Structure formats: structure tokens, C-alpha cells
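Here is how the chains run, residue by residue.
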Amino acid sequence: MAQSNHEFGGISTDLKLSLVGGYLHQFTKALRPQFENLWYVDAFAGTGERTVIIPGRAADMLGPEVDARVERRAGSAKIAIDVSPAFDRLVFMDKRPRHVAALNDLRSANPFRNISVVPGDANAEIMNLLGEQKSWARTRAVMFLDPYGMSVEWRTLEAIRRTEAIDVWYLVSLSGLFRQATRDAEDLDASKRTALTRMIGTPDWEKDWYEMSQRTNLFGDTDERLARTAEVDDMEKYFGARLAGLFSSVLPPLRLNDDRGIPQFALFFAISNPKPAAIGLASRIAGHILKSGISSKVRP
């Protein structure tokens, strides 16, 4: 049995997984009568579960000392397996050997389910999967893109869109965009430019995010430099507009911050199917779920 400890997350992770899980339940319930095959594809599946450290507490007026404990919670793959009505096929991808081993254990624990564990780079394996499926007429799918950093390539999104059959939950790394797009353009090296263009799908981000500005040095001399004017909000809107130009419909994202309130991610929902009825159904379900996520963030 592979060791499946996969420690990550916090309140934002719980919220993200609860929203995606809620959509999966509503998706299979709504589409089960209409399609022979319903798929779930998790391109960065991890181990299928996660471990969370619950801090202890020293003895005080509120009660006795409480030891710290480790709690196991379902990850996205395990959540998808437990969805009812059930998915006909589940595809779990990951490039990390330890994660793949844990996913294979999860598959073995569910021998009567059609579960594929696919090791390798998610971009390449998504392309392979979509290339193997010759017709989507009787198949609909949900894909969860929760990447390690900025690893989802734009060409992968283009391939997903061409199926006209896949709803996509995409957790976009705002912190990654912000770190790679350095404040001073002089610090933009080739690797940063390549990473940003590969993810965004166009080199135009540089002219759209940077402007010439004056800089004064310690000696009072001024010169002009190319500096980033785009902030996190601008980057989120920019990437959302890029997605909206590709997919049939994209809903406003849910912003996820860290414990200090610093923006980390934006959870986008994108629809591939261009038919108005399909857009309406998916938008109603996902829109309600995203609104519930926003309200849970502001609830005292």
C-alpha cells in the first residue's frame, strides 16, 4: 500500500473542493438521463486525499490542553468517486510517482469502477486522452485543472474547447502570474516570458501590462524604465477575458486568498459546449455554487 499522505491546503482548499464537489453532484444528476457516458478528468489529482494538521491548544480558561492531530480528508479524486449518480469513467492524472502509486491504490480499492490512472505531464496526457475520443456526441465531461503553479498550457485549453463537451474548473495561480511578471521589465528574463506566454497564450501581456515610467535614483537623476502597471485585479480580469474569448461561456471567478488575505488563486468555470441550452444549464448550476462560495467567504 502506497503512502498517501498529501499535506496541503486550508480554508481556501476546503472551499475550492466543496464547490467543485457540489458541481459534480449536480452535473451527473442533470445529465445522467441525457448521455450514455459521463466522465470526470482530474489532471493534477494528487493522491486522492489529503492530510491536514489540526493545531493543538494549551490549557487555559477555555479548557484543558488539546494535542495537535492529523486529519485525513477527501481530495478531489476521492470526492469524484463518491459522486452520486456516479461517473461512468474517472481519469486521474499526475506526474509524481508517489501520487500515482496512491491513485493506483485508490483504483484498487474501487474495483468495480472504470478508473484510469495516467502518469505523466498533464498537458501531454490531456492531448492524448482527447485524441483517443473520436466522438463526444454521447459523452460529456467535467475536467478539474488544479495545477502545480502555471503548468497548464494555453494549447491544452484550446484542445479542451474544441471538444464542445467538457466543463472546466480551472484554479488559476494569480500569485504565479504576479511573481513571474516582475515589477521592473529589466528583471523579465526569457524563462519568465516563456512561462507567461505559454500559460496566457499570447505575448501581448507584456505590452498590455507594462508602461514607460520615470525613475529617480539616489543621486537625484531620472531615467525612463519599462515598469509593470498591472496589479492582481488587472491580471485576473485579463486572464478571464482571454478565457472568455476562447470558451463558449466563462463565469466570474471566485478569488481565493491565503491566511493573510493575499490573493493566491482565482477559480474559473468555463463551458465548452456552444449550445444555448447547455450554457444555460451549466451556468445556472455553477453560478449558484460560486455565489455560495462568495457568501461563505464574507459570512462572519
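Calculation rules
Counting restarts for each chain, with residues numbered from 1 along the sequence as it is written. Under the rules for a predicted model, residues below a pLDDT of 70 receive no local features and side-chain atom pairs below 80 are neither given nor counted, while totals for whole chains, interfaces and linings still include all residues. Working from all heavy atoms in the structure, the side-chain values ignore hydrogens and water. Burial classes: relative accessible area under 20% of the type maximum marks a residue as buried, over 50% as exposed, and values in between as partly exposed (1.4 Å probe, protein chains only). Under the scheme used here, helices are H or I runs from DSSP no shorter than 4 residues and strands are E runs no shorter than 2 residues, and both carry numbers assigned from the N terminus. By this definition, two strands are paired if DSSP reports at least two bridges between them. Note on definitions: salt bridges are taken to be side-chain nitrogens of Lys or Arg within 4 Å of carboxyl oxygens of Asp or Glu.

A. Inspection of the pairing of strand S4 (residues 89-94) at higher detail. Burial runs high along S4: six of the six residues are buried. Burial along S4 is two-sided: Arg89, Val91 and Met93 facing one way and Leu90, Phe92 and Asp94 facing the other are all buried. When strand S1 (residues 37-42) meets S4, the two strands line up parallel, connected through four bridges. Bridging across to S4, Asp42 finds its partner in Phe92.

B. Representation of unusual backbone geometry in the model. Omega for the peptide link from Ser84 to Pro85 comes to -5°, which places this bond in the cis form. The phi dihedral of Glu164 falls on the positive side, at around 55°, and the residue is not glycine. Among the secondary structure elements, Glu164 is positioned in the loop between helix H5 (154-163) and strand S7 (166-173).

C. Geometry of the pattern of salt bridges. Per the counting criterion, the structure on display carries 15 salt bridges. Asp88 is the partner of Arg32 in a salt bridge, and the nearest nitrogen-oxygen pair spans 2.7 Å. Here Arg32 is found in the loop between helix H1 (11-31) and S1, whereas its partner Asp88 is found in the loop between helix H2 (76-81) and S4, with 56 residues between them in sequence. Between Arg255 and Glu236 there is a salt bridge, and its shortest N-O distance comes to 2.7 Å. Of this pair, Arg255 sits in strand S10 (residues 249-257) while Glu236 is found in helix H9 (residues 232-246), placing the two residues 19 residues apart along the sequence. Relative accessible area serves as the criterion here: at 18%, Arg255 is assigned to the buried category. Glu236 gets classed as buried once you look at its relative accessible area, which sits at 13%. Residues participating in the shared-partner salt-bridge network are Arg183, Arg228 and Glu231.

Treat this as a map of the structure, not an account of what it does.
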